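Results of the structural survey
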Amino acid sequence: MFDQRIAALEYVRQNKEQSLKLLETFLSIPSISTEPANQPDMQRAAYWVAAQLSGLGMQNVEIFPTARHPVVYAEWLGAHPRTAGAGGAPTVLIYGHYDVQPADPLDRWQTGPFEPTVRGESLYARGASDMKGQVVAVMKAVEAIVKSGDLPVNLKWLIEGEEEIGSPSLEAFIAEHKNLLACDFALNPDAGMIGPEDPTITYALRGLAYFELRVFGPASDLHSGIYGGVVHNPANALAELIAGMHDAEGRVTLPGFYDKVRPLSKEERAELARLPTDEKHFLEQTGAPALYGEAGFTPAERAGARPTLDVNGMLSGFTGAGSKTVIPAWAMAKISMRLVPDQDPADVAKQFYAYLEARASKDIRWEVTEMHGGTPSISDRNNAGVRAMAATLESVWGKQPYFRREGGSIPVVAQMQRVLGIESVVAGFGLPNDNVHAPNERLHLPTWYMGIEAFIHFFINLGS
Ligand code: BES
Ligand code: ZN
């Protein structure tokens with residue numbers, strides 16, 4: 001008997017080279033969503049995605065403009081239920097993003113960030129892992145299934161261009177297109193695996209609140225000899241403010257910051273303790289001389305289930321070669337908080353202002369720009385998508401997947417819960433050492449090829 005699963009797997013195994021080439025063309029488009037100069041590349045990337053989806057035989061392929069970057073939509077709704085009496089084939093909403101983070105610092109890349117290059121077992125380029133590689137993996141799985149028969153499930157695609165800037169237009173888009181996006185659940189491959197041998201499903205993601213804080217002092221830069229000791233140096237003042245944002249136990253001091261944090265149950269702590277992400281894992285992955293964090297919690301808890309505050313960048317005064325004796329007129333820091341259920345980015349903004357009002361000294365002036373946010377999410381682990389993915393990963397990797405809380409953020413997961421009332425299955429095939437958002441981002445190709453096969457199994461399992 002003709003077996004579609006075997007035929008589809010055979011097809012991707014025969015076409016590895018083409019899969020890689022296709023990903024390379026996508027990766028050569030510098031679709032950096034935060035950078036105004038890359039606006040035309042964002043358009044190109046959206047068209048590229050739309051063209052691929054058309055090529056797969058998807059219907060109603062459409063590029064919807066938004067306030068910032070377009071959303072690409074497509075669908076194929078012709079699946080027939082395989083089993084008599086079943087309620088119909090499921091409809092899966094495939095989520096992805098075609099935007100990437102900036103590539104700087106450029107001088108730290110071994111090859112250009114938008115000149116995809118294979119070295120060893122990995123493909124190096126910005127977006128290779130996060131997440132153009134994941135989007136192409138789903139496309140290739142669907143192609144293989146289509147080439148070997150009919151699609152056993154209905155598919156809808158929602159590929160956005162604003163994920164790396166907090167998906168600011170997406171919630172309104174989803175709300176305006178509720179019917180178009182109606183589905184059983186979403187497949188979201190924007191979070192990866194704990195390790196190449198460790199299949200993983202992410203059931204919770206942190207949220208984000210992001211700010212730029214500027215501190216102003218004298219009207220202009222000053223000679224630090226003539227004026228040192230009579231004005232408050234804005235760089236010093238900013239450092240004092242930042243230093244006060246944590247206490248000696250590594251807790252964040254913004255007033256009320258922990259009020260809405262959902263405590264971890266005994267059961268969940270016991271489960272998280274079984275993950276292979278122990279102290280040694282984090283030391284190896286980070287290369288830091290020692291770990292740091294909130295007292296009373298394990299590294300896996302601190303990185304997934306507890307909120308944090310971090311400086312993402314600072315700028316002030318003289319930073320060139322040599323020395324210059326100056327009191328800068330201003331200082332700036334980019335500061336963001338990772339949030340966990342049930343914290344809300346708008347509350348955290350109020351807490352940030354309250355901290356600054358209470359703690360900033362009167363001899364400086366400060367200003368805050370709110371950059372973007374995202375709500376944390378926690379998923380129902382019993383949804384149909386999660387169950388099908390767990391069975392799929394177990395059959396492909398030969399072991400049960402780990403269930404983990406991810407420290408990164410994917411705002412759409414909470415948006416879909418809120419607006420569409422649907423759950424996501426968050427499972428992709430990136431690895432912790434893929435250097436996402438960093439120089440030399442890469443994709444581990446053997447894991448990627450396994451991921452394509454896993455998506456084939458996933459769709460075929462769902463349809464049978
Ligand atoms: N793919 C990541 C989310 C992620 C990060 C998953 C690390 C697993 C591990 C996503 O593209 C991302 O980077 N999101 C941003 C969202 C933010 C800008 C709202 C993030 O987490 O910084
Ligand atoms: Zn990212």
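Sequence order sets the numbering: in each chain, residues are counted from 1 along the sequence as written. Chain letters and ligand numbers both follow the written order, the letters beginning at A and the numbers at 1. Restriction of local features to residues with pLDDT of at least 70 applies here, the model being predicted, together with a cutoff of 80 or more for giving and counting side-chain atom pairs; totals for whole chains, interfaces and linings are based on all residues. Excluded from the side-chain calculation are hydrogens and water; included are all heavy atoms of the structure.

Quick word on the sheet that holds strand β9 (residues 207-216)
This is how it is decided: For two strands to be treated as a pair, DSSP must find at least two bridges joining them. A run of H or I in DSSP becomes a helix once it reaches four residues, and a run of E becomes a strand once it reaches two; helices and strands are each numbered from the N terminus. Angles run from 0 to 180 degrees between N-to-C directions of axes, and those axes are lines fitted to C-alpha atoms, restricted for helices to the stretch in contact. Note on contacts: a residue pair qualifies if any of its non-hydrogen atoms lie within 4.5 Å across the two residues.
Pairing is antiparallel in the open sheet, where four strands are placed in the order β11-β13-β9-β14. Strands with a single pairing partner mark the edges of an open sheet, and in this sheet they are β11 (308-316) and β14 (365-374). The sheet shows a mean angle of 15 degrees between the axes of neighbouring strands, direction not considered. Examined bridge by bridge, β9 and β14 share eight bridges and lie antiparallel to one another. When the sheet's bridge partners are listed, A209 is paired in β14 with G373. The strands that helix α11 (residues 345-359) touches are β9, β13 (330-339) and β14; relative to β14, the one it contacts most, it runs at about 165 degrees.

Examining the sheet that holds strand β18 (residues 442-444)
Spatially, the three strands line up as an open sheet ordered β4-β5-β18, and their pairing is antiparallel. This sheet does not close on itself; its edge strands, each paired only once, are β4 (117-119) and β18. Across this sheet, the average inter-strand angle for adjacent strands is 25 degrees, counted without regard to direction. In this sheet, strand β5 (residues 122-124) lies alongside β4 in antiparallel orientation, the contact comprising three bridges. What sits directly across from R119, in β5, is S122. Together, β4, β5 and β18 form the strand contacts of helix α2 (residues 16-27), whose direction differs from that of β5 by roughly 20 degrees. Helix-sheet contacts for helix α4 (residues 128-147) involve β5 and β18, and the interaxial angle to β18 is about 55 degrees.

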